[in-house]
Amino acid sequence: GTAGDADLGPSRVREAANPVAVAADRARLASLLPSAPVWLHQVHGVRVVEVDEANRASLLADPPDADAAVTRTPGIAIAVRAADCLPVVLCDRRGTVVAAAHAGWRGLASGVLEATVRAMAVDPRDVVAWIGPAIGPRAFEVGRDVLDAFAAADPSDAECFIPVGDGKWLADLPVLARRRLARAGVGAVAGGTWCTHGDTARFHSWRRDRSAGRMATAIAIVPGA
């Protein structure tokens, strides 16, 4: 089989205060996938879970505390939610393993993408990645703590921060993600061009709206493809 189409992109998941709308959106997303996706209880960490036939039912019933998932089983879909954080999906070129990761700045700085690549257990040079909609470099204003978190791992990452005064910087999360993936050995990376904060018609943005709305990004290995 081959990896599910990363260009599936985001499916809007409305505010948690409207469970009927959320259920309808999730059903619509599931209709585009081989199966209803396994969701995660995202905690801005680096834990990666592997999903297979043995644990899929339990994970569907009780989403695990994790920020990334990997599966090698055709027909199993995995998904992450985001509304400014980076959603990243990955697969190997042979379509034998796929992954989905949620990377806020904390998870990104802590190594969630590197952990995801390791969990795929294939040569990173054979991995391709797609970065979904996230807050863009002209909108993500951060403090010194964010800059320091990235510069501690690689001082050159400070190049991804533009000072704007008063101890604030504009951070380029997609470029930081590309750097992290490159250092993990992944050179084929697409996406990362949509700004959730600036595109009010298409995307939820926590920083812009302070709402519970999220987008979903999913991936699967299509059986028999």
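Conventions we followed
Residues numbered from 1 in each chain as written. Predicted model: local features only at pLDDT ≥ 70, side-chain atom pairs only at ≥ 80, totals over all residues. Heavy atoms only, no water. Helix = DSSP H or I, 4+ residues; strand = E, 2+ residues; numbered from the N terminus. Rg over C-alpha atoms; globule rule 2.2 N^0.38 Å. Buried < 20%, exposed > 50% of the residue type's maximum accessible area, 1.4 Å probe, protein only. Areas by Shrake-Rupley, 256 points an atom, 1.4 Å probe, with all protein chains shown as cover. Lys, Arg positive; Asp, Glu negative; His and termini not counted. Charge placed at Lys NZ, Arg CZ, Asp CG, Glu CD. pLDDT = per-residue confidence, 0-100. Contact = heavy atoms within 4.5 Å. Phe/Tyr/Trp six-rings, centres within 6.5 Å; stacked < 30°, edge-to-face > 60°. Core = buried A, V, L, I, M, F, W, Y, C linked by side-chain atoms within 4.5 Å. Pairing = 2+ DSSP bridges. Axes fitted to C-alpha atoms, helices over the stretch in contact; angles between N-to-C directions.

Novice: Help me out: how do you make sense of the overall build of the chain in this one?
Specialist: Counting its secondary structure elements, the chain contains seven helices and 13 strands. For a compact globule of 225 residues, the expected C-alpha radius of gyration is about 17 Å, and the chain comes in at 17 Å, within 12% of that figure. Along the longest, intermediate and shortest principal axes, the C-alpha atoms of the chain span 55 × 40 × 25 Å. Across the 225 residues in the chain, those meeting the buried criterion constitute 52%. Of the accessible surface of the chain, which amounts to about 9900 Å², a share of 53% is contributed by carbon and sulfur atoms. Counting 25 positive and 25 negative side-chain charges, the chain places the centres of these two groups 2 Å from one another.

Novice: Looking at this structure, how should I read the confidence of the model for the chain?
Specialist: When pLDDT is low, close inspection of the predicted coordinates is not appropriate. The pLDDT averaged across the chain works out to 90; a share of 92% of its residues lies at or above 70. Confidence drops under a pLDDT of 50 for residues 1-16, and excluding neighbours within four residues, the segment shows 65 contacts in the predicted structure.

Novice: Just to check I follow, could you spell out the packing of aromatic side chains for this structure?
Specialist: What characterises a pair of aromatic rings is the spacing of the ring centres plus the angle enclosed by the ring planes. Under the definition given, this model contains two aromatic pairs. Between the aromatic rings of Trp 130 and Trp 194, the centroid separation amounts to 5.8 Å while the plane-to-plane angle is 55°, which identifies the pairing as tilted. Of the two residues, Trp 130 is situated in strand 8 (residues 127-131) and Trp 194 in the loop between strand 12 (188-191) and helix 7 (206-209); the sequence distance between them amounts to 64 residues. A relative accessible area of 7% means that Trp 130 is categorised as buried. Their ring planes at 50° and their centres at 6.0 Å tell us that Phe 150 and Phe 161 sit as a pair that is tilted.

Novice: Just checking my understanding: could you explain the nonpolar core for this structure?
Specialist: One broad rule of soluble globular proteins: the nonpolar side chains tend to lie buried together. If you look at the biggest cluster of nonpolar residues, it comprises 38 residues, and the most contacted ones within it are Leu 86, Leu 90, Leu 108, Leu 113 and Phe 161. Look past the residues within four positions of Leu 113 in its chain and what remains in contact with it is Val 88, Ala 101, Ala 103, Leu 108, Ala 177 and Leu 181. Among the nonpolar cores identified, the runner-up in size contains 17 residues, and Val 38, Leu 40, Ala 66 and Cys 91 belong to it.

Novice: How should the sheet that holds strand 3 (residues 48-51) be read in this particular structure?
Specialist: As a general point, the strands of a sheet are linked pairwise by backbone hydrogen bonds and lie either parallel or antiparallel. Reading across from one edge, 3-4-7-6-8-12 is the order of the six strands in this open sheet, with mixed pairing throughout. A single partner strand is all that each edge strand has here, and the edge strands are strand 3 and strand 12. For this sheet the average axis-to-axis angle between neighbouring strands, irrespective of direction, equals 20°. As paired elements, strand 6 (residues 86-92) and strand 8 share five bridges and run antiparallel to each other. The residue bridging Cys 91 from the neighbouring strand is Val 128, located in strand 8. Against the sheet, helix 4 (residues 112-120) makes contact with strand 3, strand 4 (68-71), strand 6, strand 7 (98-103) and strand 8, and its axis sits at roughly 165° relative to strand 7, the strand it touches most.

Novice: What exactly am I supposed to notice about the environment of Asp 52 here?
Specialist: Looking at where Asp 52 falls in the secondary structure, it is placed in the loop between strand 3 and helix 2 (56-61). A C-alpha to C-alpha distance of 35 Å links Asp 52 and His 197, two positions 145 residues apart in sequence. In this view, Asp 52 contacts Thr 73 and Ile 76; residues no more than four positions away in its chain are not counted.

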